[in-house]
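# Fold and contact review
Chain by chain, the residues run as shown.
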Amino acid sequence: MKKILLTSTGFENDNIKNKFLELLDCDVSKAKVLFIITAANNPEAVRILSKCLDDLTNCDITDENITIYDMHKLLSQNEINKYDAIYVCGGSTKYLVDRIYEMNFKPILNKYIENGGIYIGVSAGSIAASGNYKNGLGLIENNLEVHCETGTENERITANNDISLTDNQAIFINGKENIIFE
């Protein structure tokens, strides 16, 4: 089963945080997370990194179990498989997608997800996982917008529809269906 959570703002909504905790296959105190900061290449995005890091530590994931990764060296499949979750922060989606493509990160990430790893996207990390960019991850076919005032209702999701997420919504992708929840 795929375990993909796409969000606008991470775990600001406790239901999204609880969904993440439910998906973990281990005790949260032992969970290891790869924290990808690549998209944070401007001052505004850098300021938000501490909030994203707080998402994880507020779940009781310890600092020593969080590895910061900026995608300037390719991790091997064995290295990435050591993590229970990958948390991809926001910022410049184009820069993030370009790095994913240049590093040939997509096949490694796809294998990681196929093996039961959790992917959490926040803002640009979510858009990079959608169908918005030709060289993106393509974890869903739909184009995705984040930080919207009005979000897409769950029953309106089809393969060709664009999806809009409010800051309070997330998409959970489990391989069988895409579920929007608050």
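Now for a quick tour of the structure.

### Overview of the sheet that holds strand E5 (residues 118–122)
- Strand order in the open sheet made by the 7 strands is E3-E2-E4-E5-E1-E8-E9, with mixed pairing throughout. The outermost strands of the open sheet, each flanked by one partner alone, are strand E3 (66–69) and strand E9 (178–181). Averaged over all pairs of adjacent strands, the angle between their axes in this sheet comes to 20°, without regard to strand direction.
- Of the strands in this sheet, strand E1 (3–7), strand E4 (85–88), E5, strand E8 (170–173) and E9 touch helix H1 (residues 14–23), which is tilted by about 165° from E1.
- Set on the sheet, helix H2 (residues 43–57) makes contact with strand E2 (33–36), E3, E4 and E5; between it and E2 the angle comes to about 170°.

### Some remarks on the pairing of E5
- Burial runs high along E5: 5 of the 5 residues are buried.
- Neither face of E5 is left uncovered, since the one carrying Ile118, Ile120 and Val122 and the one carrying Tyr119 and Gly121 both have all their residues buried.
- Strand direction decides the pairing type here: E1 and E5, joined by 5 bridges, are parallel. Across the sheet, the residue bridging to Leu5 is Ile120, located in E5.
- As paired strands, E4 and E5 are joined by 4 bridges and run parallel to one another. Paired with Ala85 across the two strands is Ile118, which belongs to E5.

Cut-offs used in this document
- Residues numbered from 1 in each chain as written.
- Predicted model: local features only at pLDDT ≥ 70, side-chain atom pairs only at ≥ 80, totals over all residues.
- Heavy atoms only, no water.
- Pairing = 2+ DSSP bridges.
- Helix = DSSP H or I, 4+ residues; strand = E, 2+ residues; numbered from the N terminus.
- Axes fitted to C-alpha atoms, helices over the stretch in contact; angles between N-to-C directions.
- Contact = heavy atoms within 4.5 Å.
- Buried < 20%, exposed > 50% of the residue type's maximum accessible area, 1.4 Å probe, protein only.

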